[in-house]
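Examining the three-dimensional arrangement
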Amino acid sequence: YDPAIRQFGQLLDSYPNSEFATTAGELVLESFNRAKDYANIEAWARKLKTAPAFQNAESQRKLDTLILQSVFKSGEQLAAAGKHAEAAAAYQRASREFPRDERAPKALYNAGQEYQRAGDLEAADEAYGALIERYPRTSEGALGAWAGAQMFESIAQFADAAHYYEAYNARFSQADKREDALYNALLLRIAAGDNAEAVRNGNDFIKAFPNSKSADEVYFLIG
């Protein structure tokens, strides 16, 4: 594909207003797609956004979609190669550039997961926190809150883990693990010595789940 890409690129550079410019740009992108070269798809899609032949609204929309897709694919390739920090950065870049796209929550969740795999818990915390703040009531947000809680619980940072469980309950009312989240938050606040927060979580639990099999134990813990 390299000779074809060079020829099409020369046409675009030398004759940007040619009747063949649109087709040449599309064939450049198609060539990189067949080669699974997603970094160059992104680079060329960004270049074509400024080309005269791609200034109509439909072309701009297609190029934006292609940029986002290529960033996701680059993230997948980097993750598969064990380059988790680079994969996380790619996903985070996608979420920042296209915050209103329906895939933005997934991008932030993936960023958090990849930062965790890279051992950068601070960056993972930042990604999960942004996900919860920007995209409440989404399934990806609930997954991020749960992942953040378990991440901190695994290293015995109980107050931070409880904070994520509390966020899971507060911001994702349709999520299916709210009862477990509140119960875990209660136990972790007790373990951290945060008694006032523990009482608050216990009362929230009883209010939300009065018929739970854990209700008696929660009343005891509140006391």
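Our subject is the structure that appears above.
Notes on the structure follow. Since the model is a prediction, treat every value here as computed from it, not as a measurement.

Cut-offs applied
- Residues numbered from 1 in each chain as written.
- Predicted model: local features only at pLDDT ≥ 70, side-chain atom pairs only at ≥ 80, totals over all residues.
- Heavy atoms only, no water.
- Core = buried A, V, L, I, M, F, W, Y, C linked by side-chain atoms within 4.5 Å.
- Buried < 20%, exposed > 50% of the residue type's maximum accessible area, 1.4 Å probe, protein only.
- Helix = DSSP H or I, 4+ residues; strand = E, 2+ residues; numbered from the N terminus.
- Salt bridge = Lys/Arg side-chain N within 4 Å of Asp/Glu carboxyl O.
- Patch = residues over 30% accessible without salt bridge, like charges linked within 9 Å, V, L, I, M, F, W, Y side chains within 5 Å.
- Areas by Shrake-Rupley, 256 points an atom, 1.4 Å probe, with all protein chains shown as cover.
- Lys, Arg positive; Asp, Glu negative; His and termini not counted.
- Charge placed at Lys NZ, Arg CZ, Asp CG, Glu CD.
- Contact = heavy atoms within 4.5 Å.
- Phe/Tyr/Trp six-rings, centres within 6.5 Å; stacked < 30°, edge-to-face > 60°.
- Lys NZ or Arg CZ within 6 Å of the ring centre and 35° of its normal.

**Concerning the nonpolar core**
Among the nonpolar cores identified, the biggest contains 59 residues, and Leu-12, Leu-29, Trp-44, Leu-48, Tyr-128, Tyr-165 and Tyr-168 are the most heavily contacted of them. Judged by nonpolar contacts, the second largest core, of 9 residues, contains Tyr-183, Leu-186, Phe-209 and Ala-215.

**With respect to unusual backbone geometry**
Not every positive phi belongs to a glycine, and Lys-36 is a case in point at roughly 55°. Along the chain, Lys-36 falls in the loop between helix H2 (21–34) and helix H3 (38–48). Even without being a glycine, Arg-137 presents a positive backbone phi close to 70°. Within the secondary structure, Arg-137 is located in the loop between helix H7 (121–134) and helix H8 (139–154).

**So, the pattern of salt bridges**
This model, assessed by the stated rule, comprises 15 salt bridges. Among the ionic pairs, Lys-47 bridges to Asp-13, the shortest N-O distance being 3.6 Å. A residue pair is termed long-range when its members are at least 10 positions apart, and Lys-47 in helix H3 and Asp-13 in helix H1 (residues 2–14) qualify at 34 residues. Residue Lys-47 is classed as partly exposed on the basis of its relative accessible area of 38%. Judged by its relative accessible area of 53%, Asp-13 falls in the exposed class. Where salt bridges share partners, they join Glu-42, Arg-46, Arg-93 and Glu-97 into one cluster.

**Brief notes about a negative patch on the surface**
Where like charges cluster on the molecular surface, the negative patch consists of Asp-120, Glu-122, Asp-125 and Asp-160. Looking at Glu-122, the relative accessible area reads 68%, which means it is exposed.

**As for the side chain of Arg-189**
Along the chain, Arg-189 falls in helix H10 (residues 178–192). Under the relative-accessibility criterion, Arg-189 is labelled buried at 10%. Setting aside residues up to four positions removed in sequence, Arg-189 forms contacts with Ala-159, Ala-162, His-163, Glu-166, Asp-194, Glu-197, Ala-198 and Asn-201.

**Thoughts on the environment of Glu-76**
Mapped onto the elements, Glu-76 comes out in helix H4 (residues 57–80). Residues Glu-76 and Thr-22, 54 residues apart in the sequence, show an inter-C-alpha distance of 29 Å.

**Digging into the packing of aromatic side chains**
Inspection of every chain in the model, using the stated rule, returns 8 aromatic pairs. These aromatic residues form a ring-pair network of at least three members: Trp-146, Tyr-165, Tyr-168 and Phe-172. A cation over a ring is seen here: Lys-47 above Trp-44, with NZ or CZ 4.3 Å from the ring centre.

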